[in-house]
Amino acid sequence: MQKMDELDKSQKAMLYMVEDLNTITSELKNERRKLKAANHELEAFTYSVSHDLRAPLRAINGFSKFLLEDYTEKLDDEGKRFISTICENATKMDRLITDLLNLSRISKSEMRWTKIDMTTIVRSMFSEMATKEEQNIFDVTIHKMPKVFCDFSLIKQVWQNLIGNALKYSSKSATKKIEIGAVEEENEITFFIQDEGAGFNQEYKHKLFGLFQRLHHENEFEGTGVGQAIVQRIVARHGGRVWAEGEINKGAKFYFALPYSR
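Now for a description of the structure that goes with this document. No experiment lies behind these values; they were computed from the predicted model shown.

**Looking at the overall build of the protein chain**
Phase 1: In terms of regular secondary structure, the protein chain is built from six helices and seven strands.
Phase 2: Taken over 262 residues, the protein chain has a buried fraction of 35%.
Phase 3: Taking all contacts inside the protein chain whose residues are at least 6 apart in sequence as the whole, residues at least 24 apart take part in 71%.
Phase 4: Here the protein chain displays about 17,000 Å² of accessible surface, and carbon together with sulfur accounts for 53% of that area.

Shown next as structure tokens:
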């Protein structure tokens with residue numbers, strides 16, 4: 001009789017477990033439907049931003065320039081200043097939309113894994129990002145770095161943002177020096193880029209990779225506040241992590257670590 005009772009309890013426990021699993025499965029299916037609907041809404045929003053919002057912005061910018069070019073004699077200095085401000089802000093909004101679209105595409109793009117020579121990419125991106133003047137006045141050290149499995153086009157965006165920021169935030173500094181390299185560890189490779197530019201307050205380092213988070217005023221250094229969020233998103237898709245160290249007016253050092261294999 002005792003064995004029958006124990007068997008009955010076991011059967012009931014199994015039934016309860018099956019019921020719980022069915023409930024969890026149903027909830028997961030429901031959440032998946034919600035996620036799918038949200039993704040459709042996001043795609044529709046992205047399309048709207050890309051086409052419907054950019055068109056009037058470009059019209060504003062274009063007609064403002066026509067006013068400056070064709071009616072400049074009829075405008076006083078204040079009127080010209082107003083129109084120039086309109087052009088600047090329309091251009092800034094167009095750049096912000098471009099960055100947001102790039103951020104959106106990163107999450108949806110298919111990963112194409114290949115073995116990449118990081119040293120070659122960094123040298124290529126520096127030549128592309130730096131002007132001839134910057135290439136002459138900056139003391140740049142690019143150490144030999146190991147090859148890693150990653151998505152070529154996405155990793156290019158990481159270096160594009162990091163090198164672009166190092167150049168930008170060093171532009172007003174007396175010492176124009178950039179060092180780029182990597183450290184191999186047991187399970188990952190840590191890449192870094194160090195400058196001696198404006199730096200940042202270490203107390204606010206947690207804001208660096210957030211969307212629209214800026215640690216410098218726009219009047220000091222232009223930007224949309226999206227670039228570092230793009231870096232974080234790309235590195236996360238590779239199974240890696242990002243962080244940074246800095247000190248005001250003493251430069252900054254940005255890191256991103258990638259696993260040895262995917």
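**Observations regarding the pattern of salt bridges**
Phase 1: Taken as a whole and judged by the stated rule, the model has two salt bridges.
Phase 2: R241 serves as the salt-bridge partner of E188, at 2.5 Å between the closest nitrogen and oxygen. Linking E188 in strand β5 (residues 188–195) with R241 in strand β6 (residues 241–246), this pair joins segments that are 53 residues apart in sequence.

**So, the nonpolar core**
In globular proteins that are soluble, nonpolar side chains generally tend to be buried together.
Phase 1: Counting 40 residues, the largest nonpolar core has M118, W159, I163, I180, F191, I193 and F256 as the members making the most contacts within it.
Phase 2: If you tally residues by element for this core, the top one is helix α5 (residues 152–170), at eight residues.
Phase 3: With residues up to four places along the chain from it excluded, the contact list for M118 reads M145, P146, V148, I155, W159, F191, F256 and L258.

**Comments concerning the packing of aromatic side chains**
What characterises a pair of aromatic rings is the spacing of the ring centres plus the angle enclosed by the ring planes.
Phase 1: This model, assessed by the stated rule, comprises five aromatic pairs.
Phase 2: Between F63 and F66, the ring centres sit 5.8 Å apart and the planes meet at 85°, which makes this aromatic pair edge-to-face. You can see F63 and its partner F66 sitting in helix α1 (residues 2–70), three residues apart, about one turn around the helix.
Phase 3: Relative to F191, the ring of W159 lies with its centre 6.3 Å away and its plane at 90°, an arrangement referred to as edge-to-face. Taken together, the positions of W159 in helix α5 and F191 in strand β5 put the pair 32 residues apart, joining distant regions of the chain.
Phase 4: Members of the aromatic cluster, connected to one another through ring pairs, are W159, F191 and F256.

**A short note on the environment of G251**
Phase 1: As for its placement among the helices and strands, G251 is situated in the loop between β6 and β7 (252–259).
Phase 2: C-alpha separation for the pair G251 and I178, spaced 73 residues apart in sequence, amounts to 9.7 Å.
Phase 3: Excluding its chain neighbours within four sequence positions, the residues that come into contact with G251 are D195, E196, G197, A198, G199 and G246.

**A closer look at the environment of P259**
Phase 1: In this structure, P259 sits in strand β7.
Phase 2: Judged by its relative accessible area of 24%, P259 falls in the partly exposed class.
Phase 3: When near neighbours in sequence (up to four residues on either side) are disregarded, P259 contacts N187, E188, H238, G239 and G240.

**Things to note about helix α6 (residues 227–237)**
Phase 1: Listed as buried for α6 are G227, Q228, A229, I230, V231, I234 and V235.
Phase 2: G239 sits one or two positions beyond α6 and adopts a positive phi of about 80°.

**A closer look at the packing of helix α3 (residues 118–129) against α5**
Phase 1: α5 packs onto α3 with a crossing angle of 50° between their chain directions and a minimal axis gap of 9 Å. In terms of orientation, α3 and α5 fall into the oblique class. Crossing of α3 over α5 shows right-handed handedness. Between α3 and α5, the contacting residues are M118, I121, V122, M125, F126 and M129 on the first element and F152, I155, K156, W159, Q160, I163, G164 and L167 on the second.
Phase 2: Residue composition of the contact of α3 with α5, grouped by class: 11 nonpolar, two polar and one charged.

**Observations regarding a positive patch on the surface**
Phase 1: A cluster of basic residues, K115, R123, K144 and K147, forms a positive patch at the surface.
Phase 2: Residue position: R123 is located in helix α3.
Phase 3: Look at R123 and you get partly exposed, because its relative accessible area is 48%.

**Overview of the sheet that holds β5**
Phase 1: With mixed pairing, five strands are arranged side by side in an open sheet as β2-β4-β5-β7-β6. Unpaired on one side and paired on the other, β2 (139–142) and β6 mark the two borders of the sheet. In this sheet, neighbouring strand axes are inclined to one another by 15° on average, regardless of whether the strands run parallel or antiparallel.
Phase 2: Alignment of strand β4 (residues 177–184) against β5, held across seven bridges, turns out to be antiparallel. In the sheet register, E184 faces β5, and the bridge partner there is I189.

**Describing the environment of D99**
Phase 1: Its place among the elements puts D99 in helix α2 (residues 77–108).
Phase 2: The buried category is assigned to D99, whose relative accessible area is 17%.
Phase 3: C-alpha separation for the pair D99 and G227, spaced 128 residues apart in sequence, amounts to 7.4 Å.

Rules of the game
- Residues numbered from 1 in each chain as written.
- Predicted model: local features only at pLDDT ≥ 70, side-chain atom pairs only at ≥ 80, totals over all residues.
- Heavy atoms only, no water.
- Helix = DSSP H or I, 4+ residues; strand = E, 2+ residues; numbered from the N terminus.
- Buried < 20%, exposed > 50% of the residue type's maximum accessible area, 1.4 Å probe, protein only.
- Contact = heavy atoms within 4.5 Å.
- Areas by Shrake-Rupley, 256 points an atom, 1.4 Å probe, with all protein chains shown as cover.
- Salt bridge = Lys/Arg side-chain N within 4 Å of Asp/Glu carboxyl O.
- Core = buried A, V, L, I, M, F, W, Y, C linked by side-chain atoms within 4.5 Å.
- Phe/Tyr/Trp six-rings, centres within 6.5 Å; stacked < 30°, edge-to-face > 60°.
- Axes fitted to C-alpha atoms, helices over the stretch in contact; angles between N-to-C directions.
- Parallel < 35°, antiparallel > 145°, perpendicular 65-115°, else oblique.
- Left-handed = near helix turned anticlockwise from the far one by under 90°.
- Nonpolar A, V, L, I, M, F, W, Y, C, P; charged D, E, K, R; others polar.
- Patch = residues over 30% accessible without salt bridge, like charges linked within 9 Å, V, L, I, M, F, W, Y side chains within 5 Å.
- Lys, Arg positive; Asp, Glu negative; His and termini not counted.
- Charge placed at Lys NZ, Arg CZ, Asp CG, Glu CD.
- Pairing = 2+ DSSP bridges.

Worth remembering: the numbers are spatial, not functional.
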